[in-house]
Amino acid sequence: MEQELAELAAKVAALEEGSGWSTTINMEVFYWWCTALMFIIHAGFLAYEMGASRKKNVLASGIKNILAFAFMIPTFFFFGWWIYLAFPNGFVPDFEQGAGGIPWSDAMGPNLGDNATGIFWAAFTLFAATTASIFSGAVIERIKLSGFIILAILLGSVVWILGAAWAWHGGGWLLTEYGWHDFGAAGCVHMVAGFFALGVLLNLGPRIGKYNPDGSSNDILPHNVPMSVFGLMILIVGFFGFLGGCIIYNGTGQWTTIFGNPTTLSAVAFNTLMCFAGGIIGAWVVTRDPFWMMSGALAGIFAAASGLDVYWPPLAFLLGIGGGVIAPLVFKQLDKLGIDDAVGAVSVHGFAGLFGVLAFGIFGAGYPNGDYPDTNFLAQLIGAVSMLLLGFVPGYVGSLILKSVGLLRIPPEVEIRGMDPVKVPISAYPEGMDSNGIGVAAPAE
Amino acid sequence: MEQELAELAAKVAALEEGSGWSTTINMEVFYWWCTALMFIIHAGFLAYEMGASRKKNVLASGIKNILAFAFMIPTFFFFGWWIYLAFPNGFVPDFEQGAGGIPWSDAMGPNLGDNATGIFWAAFTLFAATTASIFSGAVIERIKLSGFIILAILLGSVVWILGAAWAWHGGGWLLTEYGWHDFGAAGCVHMVAGFFALGVLLNLGPRIGKYNPDGSSNDILPHNVPMSVFGLMILIVGFFGFLGGCIIYNGTGQWTTIFGNPTTLSAVAFNTLMCFAGGIIGAWVVTRDPFWMMSGALAGIFAAASGLDVYWPPLAFLLGIGGGVIAPLVFKQLDKLGIDDAVGAVSVHGFAGLFGVLAFGIFGAGYPNGDYPDTNFLAQLIGAVSMLLLGFVPGYVGSLILKSVGLLRIPPEVEIRGMDPVKVPISAYPEGMDSNGIGVAAPAE
Amino acid sequence: MEQELAELAAKVAALEEGSGWSTTINMEVFYWWCTALMFIIHAGFLAYEMGASRKKNVLASGIKNILAFAFMIPTFFFFGWWIYLAFPNGFVPDFEQGAGGIPWSDAMGPNLGDNATGIFWAAFTLFAATTASIFSGAVIERIKLSGFIILAILLGSVVWILGAAWAWHGGGWLLTEYGWHDFGAAGCVHMVAGFFALGVLLNLGPRIGKYNPDGSSNDILPHNVPMSVFGLMILIVGFFGFLGGCIIYNGTGQWTTIFGNPTTLSAVAFNTLMCFAGGIIGAWVVTRDPFWMMSGALAGIFAAASGLDVYWPPLAFLLGIGGGVIAPLVFKQLDKLGIDDAVGAVSVHGFAGLFGVLAFGIFGAGYPNGDYPDTNFLAQLIGAVSMLLLGFVPGYVGSLILKSVGLLRIPPEVEIRGMDPVKVPISAYPEGMDSNGIGVAAPAE
């Protein structure tokens, strides 16, 4: 019987080891698909942004968007990840915690003893690229490519990830000191990117022809609305990757948020669909415009993002409606103030995100955070102000510096003629898109 | 040794608990990705339907499609899921079984003790939205938005889900009393949606200009065929989510169908690809038309859908060819009868689904169903008639009522001018899509 | 206590069985999503290839692409998979090993005792379809559909899979005899497809109007660059499925490559993003052209593909830059030689793949392969030559035969008029895409 026990003990040890591996492997798989789906966000932004440009700037917008994504990746490897690990306490780096993020550390590359760092880095890199794409849409048709790339790197590989260290980290000071909660990164991703864009727009200025001498505004229309609308819908597919990337896979135990609270993927599924639907309906009521309906879908998600883990689904629906209503209304107000945000990034990401973060302070207050303070309105307010400033100030200061050295805006003659004819070696539709005499149905062979 | 045994027992208990969690968590992950991929179906339908519209109606079609999706979600939350749970026996609700679907029940929201309801609800909501999108394409370019939304809710949050309670449920009467089998929902999703569309089309009538006074038919062509064809291909990507959502993840045991029969995902992989290929080839032989080739890919999938779990793959290929051939031929017959189905939804979903359900009665008869009758042709026939009527009657009656109160069809002057210029605040291609003097390659900078 | 032990033993046995199932089921799920995401590659290629065609050939290109996919599936079922299993030793089939791939074997269909074959077959079928799509783009606008389908089947269901048996198989002779390593199939997929295309192009000849009498080259431009650029970005989403399909899911133990070396998905995540970024930046520096930037993203991935499992991420980034630089430069050289590769498939897939395979011989030499020789430059060189010839020779000979029987190229009058008006029953943009008087913003209702 002793032998039987020993055999059984060996089997149990093997099962324990297998179970450990199984959790590790399936965790990797989960975030691998999150990363892949977040890639769809970028395909969506690319279609959206090219569609939202005028015909003379289509490919220049595409180049800008693609290149921002490309530069985000190495810069996030070389310093972005380190910032996340090192700065949960504020502005003073913790070099010990940051050590694993130094590009030559063992964790930053293939390592048979570390199945986690690469996949987490990848998911966070895609979040970084998302912030850059959010900003990218606002400034199309007049920003200089070089200045844009510098600002995109500043936003994606420095600013937002500092925000993530504060507001989207198990040891971030907003959680540990105040009891902050923001499940879906409405603060560090959407607010930071949206208000960064606002800071840049103040220095960049509106497109030529956007405002009349009397201050009234002209609509500068997307050249291909169906492409933009489709792009936004596929972008939302990508948000299943983004929101999946907001939850910790524990494998042999319940899911937790990045803040340590237990939750379920089921809860997120309920609320994601409900706030998405609310956002569309809210924006439809206000605008009847399909471009805004899909932007409203995004705004609806951000409006409920902070509490996707805990809201009762009808509440998420109502918050979604709120986001879908707020975004176009804020957009109009900003337009009246002379801020030419080409795609509404400031209102959709910045203000709907702000609304979502504060709403959690009302509808999600009192939720326990283990050893840290329970969730509360003050924490959400402090976090909201932090995220707003963390986005706005670097965007404003960075673009002011670039402006002073002539790297911010293209020359007016290029802007008037169009960036594609001047800067891009091919044109978007070289033959045009008319029917060219093959417009009638030809007989089948 | 007693202590060793106790320690081992504790380890085993921990492993058992971990294994239970692992199954739960990975089940949630599986359906999460199913839901995300089914979202792609809607991006695909959106591109497809906008492409299939004439230029004057592009955005109105898009708005209709997006809004149907948005309204499906809350209505499916408030009563759709309850219908599924309460009506497996026919028309008399089982309030006890339905209790978990009441919107204020513990299951209908974040609940750390229930990792399943939210994710199943989400997947079913996407199926519901799929039925609405199927219907949506058939009626473009003349249906009133308000009437359409009412009909879409009737289809997606009432009718199809009643069909699912009967024909896609482990306790549905078609299975328990007759031995029905329909792995991939050819009946409750595709037939119901297709014949619902047929019922509506009879009251809605053809688009102005579709038929000549002598009864002959004119082709009303998609304004952007590449966009539609691409939309259909990406839509099929989404069917990997849809078909994944048709199989029960048991985690520590073999897969089962929704009817309780054991199967493998491998079987579904074999047959999905084979019937997809058959459908393309079948439709190509008959039409040479890329729009129909991709519709044929769908028809091929529906033609084999009922038996994707059991067919020998070459049989699935042949059934796929059958679906790909049937759909365009039925479409032509319906056209001759004066039924103007703008995208062929009735033939692709309704008739290819009907073919698929009945084909299973021939090629899949005799398959065991545990305590219930083995699969057989009669069950498939009864189910097919049920699904046909369940789709057609509400579609016909619902649209008749809406017609009588003037909510079904837009005024002829709006139809002639186009819905976009009258109803939508922006236009699809405000600058046109000609080359505008940037049609020749500009020199690189 | 004996009873307790027996009970515990029973529990352990149940856990062991459950753990085995769990691994099996989650393995199936992993490759199911790989397959679904590889489907996106085809949606991407479809958009890319239609966009890259001139307006008169848009739909003919689409038909060709869709039909290649459709024919690949049954042919890969009927003989492709058998070739993979039977030919790891070279040209002499091993009938015993091949037995499981005979279409009427128990493994080739639903089988409750085999959860693996179907899902592996599906993933490999998608790889096969990828090779056909790679080739498809190079030959647009003048190849005959019938000849193209024959060549696509030859490439996808015979040639590349023979290459996979040699160079992407745990028992392939290149590994067992020489120590070959090619994680991401740069050789058997990309080189084979690229050099196959080159072989065909030599017999097919350039499009009419591509070269002037003095030998100088004219640009034949894509009719819809935004569609192509978007198609390429979404195609790269699909590469997460492709690269996932390059790694063996062991479930309760570490990942292994198809060659048996241990690795992590995290490693692949690091390097995939880094070489993608490098490829974009490299191509941007050389071309400033968004079409090439996205092709460069692909070339960057292939340039690092052989070592995605082992490279230090900054090395993958540099190799990616190399791929992104090489592809457009080689394209220009081929163009000077009179080879009209419409989308750059030869340079992007063939030459960047070649670069990647050889680069591994330098940067990845000395990596252990268990009982087989360590990785080394000679193995990579032998493999590269093998893959180059395995692609080129059948492409050249196959197309020569088709040319001699008049099945290779469409008549010049059809080419000049366009394939759509002659061969396709509908046209791409029947109304054209001008603004038609709805170009100005209409007032909201």
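Keep in mind that this is a model prediction, so the values were computed, not measured.

1. Side note on the overall build of chain A
Then, in step 1: Within chain A one finds 15 helices and three strands.
Then, in step 2: Since a compact globule built from 445 residues should have a radius of gyration of about 22 Å, the 23 Å found for chain A is in line with a globular shape.
Then, in step 3: Principal-axis analysis of the C-alpha atoms places the extent of chain A at approximately 90 × 65 × 45 Å.
Then, in step 4: Considering only residue pairs separated by 6 or more positions, chain A has 79% of its internal contacts joining residues 24 or more positions apart.
Then, in step 5: Element-wise, carbon and sulfur atoms account for 65% of the exposed surface of chain A, whose accessible area totals about 12,300 Å².

2. Overview of the interface of chain A and chain C
Then, in step 1: Contacts between the two partners involve 81 residues from chain A and, on the opposite side, 85 residues from chain C.
Then, in step 2: Both sides of the chain A and chain C interface together cover about 6,900 Å² of buried area, and 78% of this is carbon and sulfur.
Then, in step 3: Where chain A touches chain C, the interface holds zero salt bridges.
Then, in step 4: The interface formed by chain A and chain C holds 14 residue pairs in polar contact (both at pLDDT 80 or more) in total.
Then, in step 5: Those elements that provide at least two residues to the side of chain A that touches chain C are helix 1 (2-52), helix 2 (58-86), helix 4 (117-138) and helix 8 (225-244) of chain A.
Then, in step 6: Here the side of chain A that touches chain C takes 24 residues from helix 1 of chain A, the largest share from any one element.
Then, in step 7: Looking at the side of chain A that touches chain C, its residues break down into 57 nonpolar, 16 polar and eight charged.

3. Examining the side chain of Asp335 of chain A
Residues and elements named next belong to chain A.
Then, in step 1: With respect to the element layout, Asp335 can be found in helix 11 (residues 313-336).
Then, in step 2: Overall, Asp335 belongs to the buried group, its relative accessible area being 14%.
Then, in step 3: A polar contact is formed between the side chain of Asp335 and the side chain of Ser217, at a distance of 2.9 Å.
Then, in step 4: Those residues in contact with Asp335, other than ones at most four positions away along the chain, are Lys210, Tyr211 and Ser217.

4. Notes on the interface of chain C and chain B
Then, in step 1: Taken together, the contact pairs 81 residues of chain C with 85 residues of chain B.
Then, in step 2: Note on chain C versus chain B: buried area summed over both sides is about 6,900 Å², and carbon and sulfur give 78% of it.
Then, in step 3: The interface formed by chain C and chain B includes zero salt bridges.
Then, in step 4: There are 14 residue pairs in polar contact (both at pLDDT 80 or more) connecting chain C and chain B.
Then, in step 5: Mapped onto the side of chain C that touches chain B, the elements with two or more residues apiece are helix 1 (2-52), helix 2 (58-86), helix 4 (117-138) and helix 8 (225-244) of chain C.
Then, in step 6: No other element matches helix 1 of chain C, which puts 24 residues into the side of chain C that touches chain B.
Then, in step 7: Here the residues of the side of chain C that touches chain B sort into 57 nonpolar, 16 polar and eight charged.

5. A short note on the relation of the copies chain C and chain B
Then, in step 1: Rotating chain C by 120° and moving it 0.0 Å along the rotation axis overlays it on chain B with an RMSD of 0.0 Å. Such values leave the two copies arranged in the relation of a three-fold axis. Residues of chain C ranked by C-alpha distance from the rotation axis are headed by Met433 of chain C, positioned 3.0 Å from it.

6. Things to note about the sheet that holds strand 2 (residues 255-257) of chain A
All names here are of chain A.
Then, in step 1: One open sheet accounts for three strands, arranged 1-2-3; its pairing is antiparallel. Edge positions in the sheet fall to strand 1 (247-248) and strand 3 (262-263), since each of these pairs with one other strand and no more.
Then, in step 2: Pairing of strand 2 with strand 3, which is carried by two bridges, proceeds in the antiparallel orientation. Bridge pairing links Thr256 to Pro262 in strand 3.

7. Observations concerning helix 12 (residues 345-363) of chain B
Then, in step 1: Taking 1.5 Å as the rise per residue, helix 12 of chain B with 19 residues should run 27 Å; its terminal C-alpha atoms sit 25 Å apart, in good agreement.
Then, in step 2: Helix 12 of chain B sits mainly inside the fold: 14 of its 19 residues count as buried.

8. Quick look at the nonpolar core
Then, in step 1: One finds Trp160 of chain A, Trp160 of chain B together with Trp160 of chain C to be the most contacted residues of the largest nonpolar core, which totals 509 residues.
Then, in step 2: Listed in part, the 12 residues of the second largest apolar core include Val12 of chain A together with Leu5, Leu8 and Leu15 of chain C.

9. Concerning the confidence of the model for chain A
All names here are of chain A.
Then, in step 1: Confidence in the prediction for chain A averages 96 pLDDT; 98% of positions are at 70 or higher.
Then, in step 2: With pLDDT under 50 throughout, residues 437-445 is counted as low confidence; its partners more than four residues away or in other chains account for 16 contacts.
Then, in step 3: On the interface metric, ipTM, the complex scores 0.97, and its pTM is 0.97.

10. Some thoughts on the packing of helix 10 (residues 290-305) of chain A against helix 12 (residues 345-363) of chain A
The packing of two helices is summarised by the inter-axis angle and the distance between the axes.
Residues and elements named next belong to chain A.
Then, in step 1: Running from N to C, helix 10 and helix 12 point in directions that differ by 30°, and their axes come no closer than 8 Å. For the pair helix 10 and helix 12, the crossing hand works out as right-handed. For the pair formed by helix 10 and helix 12, the contact residues are Trp292, Ser295, Leu298, Ala299, Phe302 and Ala303 on the first element and Ser347, Val348, His349, Ala352, Gly353, Phe355 and Gly356 on the second.
Then, in step 2: Residues belonging to the contact of helix 10 with helix 12 are distributed by class as follows: eight nonpolar, five polar and no charged.

11. Quick word on the sheet that holds strand 1 (residues 247-248) of chain B
Then, in step 1: Taken in spatial order, the three strands make up an open sheet running 1-2-3 (chain B), and their pairing is antiparallel. In this open sheet, the two strands that pair with only one neighbour each are strand 1 and strand 3 (262-263) of chain B.

12. Let's talk about the packing of helix 4 of chain C against helix 5 (residues 145-167) of chain C
Residue and element names in this part refer to chain C.
Then, in step 1: It is the contact of helix 4 with helix 5, at a shortest axis distance of 9 Å, that shows an interaxial angle of 135°. On the basis of the axis angle, helix 4 is oblique to helix 5. The two elements helix 4 and helix 5 cross, and the hand of that crossing is right-handed. Judged by residue contacts, Phe124, Phe127, Ala128, Thr131, Ala132, Phe135 and Ser136 of helix 4 engage Phe148, Leu151, Ala152, Leu155, Gly156, Trp160 and Ile161 from helix 5.
Then, in step 2: A per-class count over the contact of helix 4 with helix 5 returns 11 nonpolar, three polar and no charged.

13. Concerning the packing of aromatic side chains
Then, in step 1: Summed over all chains, the structure comprises 124 aromatic pairs over all chains.
Then, in step 2: Here Phe230 of chain A and Phe230 of chain C contribute two aromatic rings whose centre-to-centre distance is 5.8 Å and whose plane-to-plane angle is 80°, an arrangement assigned as edge-to-face. Linking Phe230 of chain A in helix 8 with Phe230 of chain C in helix 8, this pair reaches from one chain into another. For the pair Phe230 of chain A and Phe230 of chain C, a shared accessibility class is recorded, and that class is buried.
Then, in step 3: An aromatic cluster is defined as three or more aromatic residues linked by ring pairs; in this entry it consists of Trp81, Tyr84, Phe124, Phe127, Trp160, Trp168, Phe239, Phe242 and Phe302 of chain A.
Then, in step 4: The aromatic ring of Trp284 of chain B is capped on one face by Arg288 of chain B, whose charged end is 4.6 Å from the ring centroid.
Then, in step 5: Above the ring of Tyr211 of chain C, the side-chain terminus of Lys210 of chain C is found at 5.8 Å from the ring centroid.

14. A few points about the pattern of salt bridges
Then, in step 1: Within this structure, the stated rule accounts for 21 salt bridges over all chains.
Then, in step 2: Here Arg207 of chain C and Glu141 of chain C are joined by a salt bridge, their closest N and O atoms 2.6 Å apart. Here the residue Arg207 of chain C occupies a position in the loop between helix 7 (186-204) and helix 8, and Glu141 of chain C occupies one in the loop between helix 4 and helix 5, the gap between them amounting to 66 residues. Both residues of the pair, Arg207 of chain C and Glu141 of chain C, belong to the buried class.
Then, in step 3: One salt-bridge network, in which partners are shared between bridges, spans Arg54, Glu141, Arg142, Arg207 and Asp340 of chain A.

15. So, helix 13 (residues 377-404) of chain B
Residues and elements named next belong to chain B.
Then, in step 1: In this model helix 13 runs 40 Å from its N-terminal to its C-terminal C-alpha over 28 residues, within 8% of the 40 Å that 1.5 Å per residue would give.
Then, in step 2: Residues of helix 13 that are buried sit in contact with helix 5 (145-167), helix 6 (173-178), helix 7 (186-204) and helix 12.
Then, in step 3: Among the residues of helix 13, the N-terminal cap falls to Asn376, whose side-chain oxygen and the backbone nitrogen of Leu378 are separated by 3.1 Å.
Then, in step 4: Gly406, located one to two residues past helix 13, shows a positive phi value of around 75°.

16. Structural notes on the environment of Pro262 of chain C
Then, in step 1: Positionally, Pro262 of chain C belongs in strand 3 (residues 262-263).
Then, in step 2: By relative accessible area, which is 35% here, Pro262 of chain C ends up partly exposed.
Then, in step 3: Spatially, the C-alpha atom of Pro262 of chain C lies 9.8 Å from that of Val310 of chain C, the residues being 48 residues apart in sequence.
Then, in step 4: Not counting chain neighbours up to four residues away, the residues in contact with Pro262 of chain C comprise Leu112 of chain A together with Gln254, Trp255, Thr256 and Tyr367 of chain C.

17. Examining the environment of Val424 of chain B
Then, in step 1: Mapping Val424 of chain B onto the fold places it in the segment after helix 15 (419-423).
Then, in step 2: Taking the C-alpha atoms as reference, Val424 of chain B lies 6.7 Å from Ala60 of chain B; in sequence the two are 364 residues apart.

18. Section: unusual backbone geometry
Then, in step 1: Its identity as a non-glycine residue notwithstanding, Glu141 of chain A has a phi of 80°, on the positive side.
Then, in step 2: Take Glu141 of chain A: its relative accessible area is 2%, and that puts it in the buried class.
Then, in step 3: Phi angles above zero are rare outside glycine, and Ala185 of chain C is one such case at about 65°.
Then, in step 4: If you trace the backbone, Ala185 of chain C turns up in the loop between helix 6 (173-178) and helix 7.
Then, in step 5: With a relative accessible area of 0%, Ala185 of chain C lands in the buried category.

Conventions we followed
Residues numbered from 1 in each chain as written. Chains lettered and ligands numbered in written order. Predicted model: local features only at pLDDT ≥ 70, side-chain atom pairs only at ≥ 80, totals over all residues. Heavy atoms only, no water. Helix = DSSP H or I, 4+ residues; strand = E, 2+ residues; numbered from the N terminus. Rg over C-alpha atoms; globule rule 2.2 N^0.38 Å. Contact = heavy atoms within 4.5 Å. Areas by Shrake-Rupley, 256 points an atom, 1.4 Å probe, with all protein chains shown as cover. Buried area = accessible area lost by both parts, 1.4 Å probe. Salt bridge = Lys/Arg side-chain N within 4 Å of Asp/Glu carboxyl O. Polar contact = N/O pair within 3.5 Å; in protein donor to acceptor, adjacent residues only side chain to side chain. Nonpolar A, V, L, I, M, F, W, Y, C, P; charged D, E, K, R; others polar. Buried < 20%, exposed > 50% of the residue type's maximum accessible area, 1.4 Å probe, protein only. Least-squares fit on C-alpha atoms with pLDDT ≥ 70 in both. Pairing = 2+ DSSP bridges. Expected span 1.5 Å × (residues − 1). Core = buried A, V, L, I, M, F, W, Y, C linked by side-chain atoms within 4.5 Å. pLDDT = per-residue confidence, 0-100. Axes fitted to C-alpha atoms, helices over the stretch in contact; angles between N-to-C directions. Left-handed = near helix turned anticlockwise from the far one by under 90°. Parallel < 35°, antiparallel > 145°, perpendicular 65-115°, else oblique. Phe/Tyr/Trp six-rings, centres within 6.5 Å; stacked < 30°, edge-to-face > 60°. Lys NZ or Arg CZ within 6 Å of the ring centre and 35° of its normal.

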